Amino acid sequence: MALKDFAKVSLGCFPTPIQRLDAISRELGVSVYIKRDDLTGVGLGGNKVRKLEYLLADAREKGAEVVFTTGGAQSNHAMLTAACALKMGMTPILILKKRGVTGPLGNRLLESLMGVDVRLMDTDDYADIYAEMDRVGQALGRPYYKIPCGGSNALGSLGYVDCAREIAAQGIRFDHIVCAEGSGGTMAGLALGAMLYLPGVRVHGMMVDTDPFDRITPRLMREAAALLGEDVDIASADYTLRDMCGPGYAISSAEGKDAIGLMASKEGLFLDPVYTGKAFAGLIAMAKEGAFRPDDRVLFLHSGGAGGLFAVKMDE
Ligand SMILES: Cc1ncc(COP(=O)(O)O)c(C=O)c1O
């Protein structure tokens, strides 16, 4: 089925702007632009709104009244899922891993302002959490829908295939796109979308977790291409992956902190220590290594993360 024929609910503000970062471009010696998906228009913005427009449309079509999702205690995805589900009149229930900052700070604060049912589970295995969703859902006796961690299945990834289509329509020709990769859907969607709508663009995924993204990325791309009925040769896709995790998922890195400082002091824009700071540090490293030609145009995806910014100790 063609992308335009998928059920989609309008939740956010699109297209998000693309802006040239003049001061950063001078500093790095290459033209750097930013795609403002921190301005997607629900909550404090962020990439998940694009995925949720497809996932929650599917939930609604399937008659769901309750929407479950999961992530770490400070998951931006979980907070945005709750915000979007509430906007649609559904009941969100978040079953989060009891890992990271669990107190009423950052995204947990936003969830309490929305009055969301949040349950913390002491496990490192998402299988336990998905089983708990089924247990709770069946006990409630209401139709429910489970959204995986990060909204990263094939359907959610369509949000970023659509973002690539949006970038193409915005009219600036780019050579590179750089994004954070945390559960895979954003990168997979952009890499597939680049094959379909942005020929010649190389997509760079900056891995902020330790999952096997070299397998996850092409698998999600293949599954999303199958949904779209697109016969593309994923093995020939032009993308790279780079390990920017540093000391661990959701633990800030020295390079990430420097990148956040550079963006804040030169452009007045705020990145977060878990995703976008580490991703932008990857872009800076590539520029310093000479990976870009002086006349290249590089687009950095600002995928949000503001909620988490207020729940991380930067001096850790
Ligand atoms: C702010 C932010 N940026 C990037 C990502 C990574 O996106 P994905 O999970 O699709 O890899 C996330 C995921 O939670 C996020 O919250």
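Residues numbered from 1 in each chain as written. Predicted model: local features only at pLDDT ≥ 70, side-chain atom pairs only at ≥ 80, totals over all residues.

To continue, consider the overall build of the chain. Scanning the chain for helices and strands turns up 11 helices and 10 strands. Computed over its C-alpha atoms, the radius of gyration of the chain comes to 19 Å, within 12% of the 20 Å expected for a compact globule of 316 residues. Here the analysis covers contacts within the chain between residues at least 6 apart in sequence; of these, 79% occur between residues at least 24 apart. (Helix = DSSP H or I, 4+ residues; strand = E, 2+ residues; numbered from the N terminus. Rg over C-alpha atoms; globule rule 2.2 N^0.38 Å. Contact = placed C-beta atoms within 7 Å.)

Here the focus is the packing of helix α3 (residues 76-87) against helix α4 (residues 106-114). It is at 9 Å that the axes of α3 and α4 come closest, and there the two elements cross at 15°. When the axis of α3 is compared with that of α4, the two are roughly parallel. As for the relative orientation of α3 and α4, their crossing is left-handed in sense. Residue-level contacts link Asn-76, Met-79, Ala-82, Ala-83 and Leu-86 of α3 to Asn-107, Leu-110, Glu-111 and Met-114 of α4. Grouping the constituent residues of the contact of α3 with α4 by class yields 6 nonpolar, 2 polar and 1 charged. (Axes fitted to C-alpha atoms, helices over the stretch in contact; angles between N-to-C directions. Parallel < 35°, antiparallel > 145°, perpendicular 65-115°, else oblique. Left-handed = near helix turned anticlockwise from the far one by under 90°. Nonpolar A, V, L, I, M, F, W, Y, C, P; charged D, E, K, R; others polar.)

With 15 residues, helix α5 (residues 126-140) should cover 21 Å at 1.5 Å per step; its first-to-last C-alpha distance of 21 Å lies within 8% of that length. One or two steps after α5, the chain reaches Gly-141, where phi turns positive at roughly 70°. (Expected span 1.5 Å × (residues − 1).)

To continue, consider the nonpolar core. Residues Ile-177, Leu-190, Ala-279 and Val-298 are the most contacted members of the largest nonpolar core, which totals 91 residues. At 8 residues, the largest contribution of residues to this core is made by helix α6 (residues 154-169). When residues of this core are assigned to domains, at least three fall in each of domain 1 (3-46 + 153-309) and domain 2 (48-151). With sequence-adjacent residues up to four places away left out, Ala-279 is seen in contact with Val-178, Cys-179, Ala-180, Met-206, Val-208 and Met-244. (Core = buried A, V, L, I, M, F, W, Y, C linked by C-beta atoms within 7 Å. Buried ≥ 20, exposed ≤ 12 C-beta atoms within 10 Å, placed from the backbone. Domains from an automatic or database assignment.)

A few words on the domain arrangement of the chain. Often, the extent of an interface is quoted as the loss of accessible area upon association of its parts. Taken domain by domain, the chain consists of domain 1 (3-46 + 153-309) and domain 2 (48-151). The C-alpha-based centres of domain 1 and domain 2 are spaced at 24 Å. Each partner contributes to the interface: domain 1 provides 28 residues, whereas domain 2 provides 30 residues. Of all elements in the fold, only α6 and α11 (306-309) reach the threshold of two or more residues within the side of domain 1 that touches domain 2.

This brings us to the environment of Val-178. Position of Val-178 relative to the elements: it lies in strand β7 (residues 176-181). In this structure the C-alpha to C-alpha distance between Val-178 and Glu-132, which are 46 residues apart in sequence, comes to 36 Å. Look past the residues within four positions of Val-178 in its chain and what remains in contact with it is His-204, Met-206, Ala-279, Gly-282, Leu-283, Val-298, Phe-300 and Leu-301.

With mixed pairing, the 6 strands of this open sheet are ordered in space as β1-β2-β10-β7-β8-β9. The open sheet has two free edges, formed respectively by β1 (18-20) and β9 (239-243), since each of these has just one partner strand. Taken over all neighbouring pairs, the strand axes of this sheet differ in orientation by 25° on average, direction set aside. (Pairing = 2+ DSSP bridges.)

Lining the immediate surroundings of the ligand are 20 residues, of which Asn-76, Gly-182, Thr-186, Ser-303 and Gly-305 lie closest. Within the residue set of the shell around the ligand, elements represented by two or more residues are α3, β7 and α7 (185-197). Tallying contributions element by element places α7 first for the shell around the ligand, with 3 residues. Broken down by class, the residue content of the shell around the ligand amounts to 3 nonpolar, 15 polar and 2 charged. Two domains share the shell around the ligand, each providing at least three of its residues, namely domain 1 (3-46 + 153-309) and domain 2 (48-151). (Near = placed C-beta within 6 Å.)

Turning to the environment of Arg-173, a few remarks are in order. With respect to the element layout, Arg-173 can be found in the loop between α6 and β7. Overall, the presence of 9 C-beta atoms within 10 Å leaves Arg-173 in the exposed class.

Between its first and last C-alpha atoms α3 spans 17 Å; for 12 residues at 1.5 Å apiece the expected length is 16 Å, and the two agree. Summarising burial for α3: 10 of the 12 residues are buried, a large majority. Within the sequence span of α3, burial applies to Asn-76, His-77, Ala-78, Met-79, Leu-80, Thr-81, Ala-82, Ala-83, Cys-84 and Ala-85. Summarising the contacts, the buried residues of α3 are in contact with α2 (48-61), β3 (66-69), β4 (91-97), α4 and α11.

Turning our eyes to something else, we now look at the sheet that holds strand β5 (residues 117-121). Taken in spatial order, the 4 strands line up as β5-β4-β3-β6 in an open sheet, and their pairing is parallel. Strand pairing shows two members of the sheet lacking a second neighbour, β5 and β6 (144-146), which therefore form its edges. Across the sheet, the mean angle separating the axes of adjacent strands is 20° when strand polarity is ignored. Pairing between β3 and β6: 3 bridges, direction parallel. The residue bridging Val-67 from the neighbouring strand is Tyr-145, located in β6.

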